[in-house]
Amino acid sequence: MTRVEGDFPVHFRYTVGIAAEKFLREIKDNGRLIGGRCAKCEIIYMPPRIYCERCMTTIEEYVNVENTGTVESCTSCHRDSNGEALISPTMVALVRFNHTHGGIVHYVHGDVVIGDKVRAIFKEKSQRTGSILDIAYFERI
Amino acid sequence: MVSKTSPAGTALSENDLEQRVLTVMYHPRAKYAWATGIAISKFLGGLKEGRILGSKCDRCGRTVVPPRVFCEYCFRHSDSYLELPDSGTLNTYSVSYISTDTTRLRVPIIPAVIEIDGTDKAGFLHILGEINPDMIKIGMKVKAVWKPSSERQGSITDIHHFKPLGE
């Protein structure tokens, strides 16, 4: 039996969009998190969206959100996204923030369990590039 | 932020993408391996030897290429594999000025479906060569041009292209 091997040479360039652009620039320039607030539903989306998912109203108001949150879910990863073994396991968590809807999946340093309070640790300003990785990791408070 | 932030969409130029808006670059490692199966394994092994192999069903008498492990009409196992001529008839073709990776071509490639002689209008997709696109006629006789045996590796590209059989 024979096999055929191949590769798909696909390259993506994804524009983060209006709301995520504001979100990432706030992290890059000011080391702060922002969400988007729907004036009608009074819900804050974090990360922000340009539409309210509930009433479809355009969101125009951006508000600061505390950089502390709660671990909603966490996983200890032993392989990277290509399936290669990691030298040491990496903790990844979904972090939600008080009074907001949504959350961020990011790296967490140290062992955490569901319900732990964590804080975003930002990279040095000179190191930031406007990426979600400008948050270096979350750490338990 | 760039220009107007209209919910209906924001037009972005190449320059915007390079310098003004945040983007995420991503290059997935999308490798794959595909087991060729019993019949196609024989077919590819045949190509390496410079032979085109088909399969035959004794019940309906139909010969097909590439070979199959079962007859699609009778739904029973194929009875035999047999060597076919490396000539055939042009079923359809396309003159393409765009390559498989979407780059523009000055000299077009001509993908074509070739019905292999000795089969019941069975055949496969390949490339036509050594012909001016204006001279191509559906129904014309064509013949395989093989790569040298040292370069063949058990692939459909072991046939370099099909050329007109001559008038």
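Residues numbered from 1 in each chain as written. Chains lettered and ligands numbered in written order. Predicted model: local features only at pLDDT ≥ 70, side-chain atom pairs only at ≥ 80, totals over all residues.

**What about the overall build of chain A?**
So the rule is basically this: Starting at the N terminus, helices and strands are each numbered in turn, a helix being any DSSP run of H or I of at least four residues and a strand any DSSP run of E of at least two. Residue pairs qualify as contacts under a 7 Å threshold applied to their C-beta atoms, which are placed from the backbone.
Regarding its fold elements, chain A presents one helix and 11 strands. Along the chain direction, N to C, the helices and strands of chain A fall in the order β-β-α-β-β-β-β-β-β-β-β-β. In chain A, the proportion of contacts linking residues at least 24 apart, taken out of those at least 6 apart, comes to 48%.

**Re the overall build of chain B**
Applied cut-off: Exposed residues have 12 or fewer other C-beta atoms within 10 Å of their own C-beta, buried residues have 20 or more, and partly exposed residues fall in between, where C-beta atoms are placed from the backbone.
Of regular secondary structure, chain B possesses two helices and 11 strands. Counting over 167 residues, chain B shows a buried share of 20%. Within chain B, contacts between residues at least 6 apart in sequence are counted, and of these 47% link residues at least 24 apart.

**Brief notes about helix H1 (residues 18-30) of chain A**
Residues and elements named next belong to chain A. Selection rule: Expected span of a helix, by definition, is 1.5 Å for each gap between consecutive residues, and there is one gap fewer than residues.
Its 13 residues give H1 an end-to-end C-alpha distance of 18 Å, which sits within 8% of 18 Å, the value for a rise of 1.5 Å per residue. Buried residues of H1: Ile-18, Ala-19, Glu-21, Lys-22, Phe-23, Leu-24 and Ile-27, and no others. Its buried side turned inward, H1 meets strand E3 (33-37), strand E5 (61-65), strand E10 (117-122) and strand E11 (135-140). Remark: Gly-31 follows H1 within two positions and exhibits a positive phi of approximately 60°.

**Here we look at the interface of chain B and chain A**
Quick reminder of the rule: The rule for pairing is simple: two strands pair if DSSP sees at least two bridges between them.
Each partner contributes residues to the interface: chain B has 25 residues there, and chain A has 22 residues. Per element, the largest residue contribution to the side of chain B that touches chain A is six residues, and it comes from strand E2 (residues 30-35) of chain B. Here strand E1 (residues 3-8) of chain A runs beside E2(B); their pairing, made up of six bridges, is antiparallel. Bridging across to E2(B), A:Glu5 finds its partner in B:Ala33.

**Here's the deal with the sheet that holds E5(A)**
Residue and element names in this part refer to chain A. Spelled out, the test is: Angular values range over 0 to 180 degrees, each being the angle between N-to-C directions of two axes fitted as lines to C-alpha atoms, with helices fitted over their stretch in contact.
A sheet is described by the order of its strands in space; here four strands give the open sequence E5-E3-E4-E8, paired in mixed fashion. A single partner strand is all that each edge strand has here, and the edge strands are E5 and strand E8 (101-102). The sheet contacts of H1 involve E3 and E5, and relative to E3 the element is tilted by about 150°.

**A closer look at the environment of B:Ser78**
All names here are of chain B. Looking at the secondary structure, you find Ser-78 in the loop between strand E4 (63-64) and strand E5 (80-84). Spatially, the C-alpha atoms of Ser-78 and Ala-39 are 9.7 Å apart, while their sequence positions differ by 39 residues. Discounting chain neighbours no more than four positions away, the residues touching Ser-78 are Ser-55, Lys-56, Cys-57, Pro-67, Arg-68, Val-69, Phe-70 and Cys-71.

**Some details on the environment of B:Phe75**
Mapped onto the secondary structure, B:Phe75 falls in the loop between E4 and E5. Measuring from C-alpha to C-alpha, the distance between B:Phe75 and B:Cys57 comes to 9.8 Å, with 18 residues separating the pair along the chain.

**Some thoughts on the sheet that holds strand E3 (residues 52-56) of chain B**
Residues and elements named next belong to chain B. If you walk across this open sheet you meet the three strands as E4-E3-E5, and the pairing is antiparallel. The sheet is open, and its two borders are formed by E4 and E5, each paired with just one other strand. Across five bridges, the pairing between E3 and E5 is antiparallel. If you follow Ile-52 over to E5, its bridge partner there is Leu-84. Where helix H2 (residues 37-48) meets the sheet, its contacts fall on E3 and E5, and the angle it forms with E3 comes to roughly 150°.

**Quick notes on H2(B)**
Residue and element names in this part refer to chain B. With 12 residues, H2 extends 16 Å from end C-alpha to end C-alpha; this agrees with the ideal 16 Å at 1.5 Å per step. All buried positions along H2 are accounted for by Ile-40, Lys-42, Phe-43, Leu-44, Gly-46 and Leu-47. Looking one or two places after H2, you find Gly-50, whose phi comes out positive at around 80°.

**Details of the confidence of the model for chain B**
Threshold: Along the chain, pLDDT gives the predictor's confidence residue by residue, from 0 to 100.
Taken as a whole, chain B shows an average pLDDT of 92; of its residues, 95% reach a score of 70 or greater. Note on the complex model: pTM 0.64, ipTM 0.77.

**Some words on unusual backbone geometry**
The phi torsion of most residues other than glycine is negative, and most of the peptide bonds are trans. The linkage connecting A:Met46 with the following residue, A:Pro47, adopts the cis geometry, with an omega of 5°. Take A:Pro47: it is sitting in the loop between strand E4 (44-46) and E5. In this model, B:Glu130 sits at a positive phi of 55°, which is unusual for a non-glycine residue. Under the C-beta neighbour-count criterion, B:Glu130 is labelled exposed, with 11 such atoms within 10 Å.

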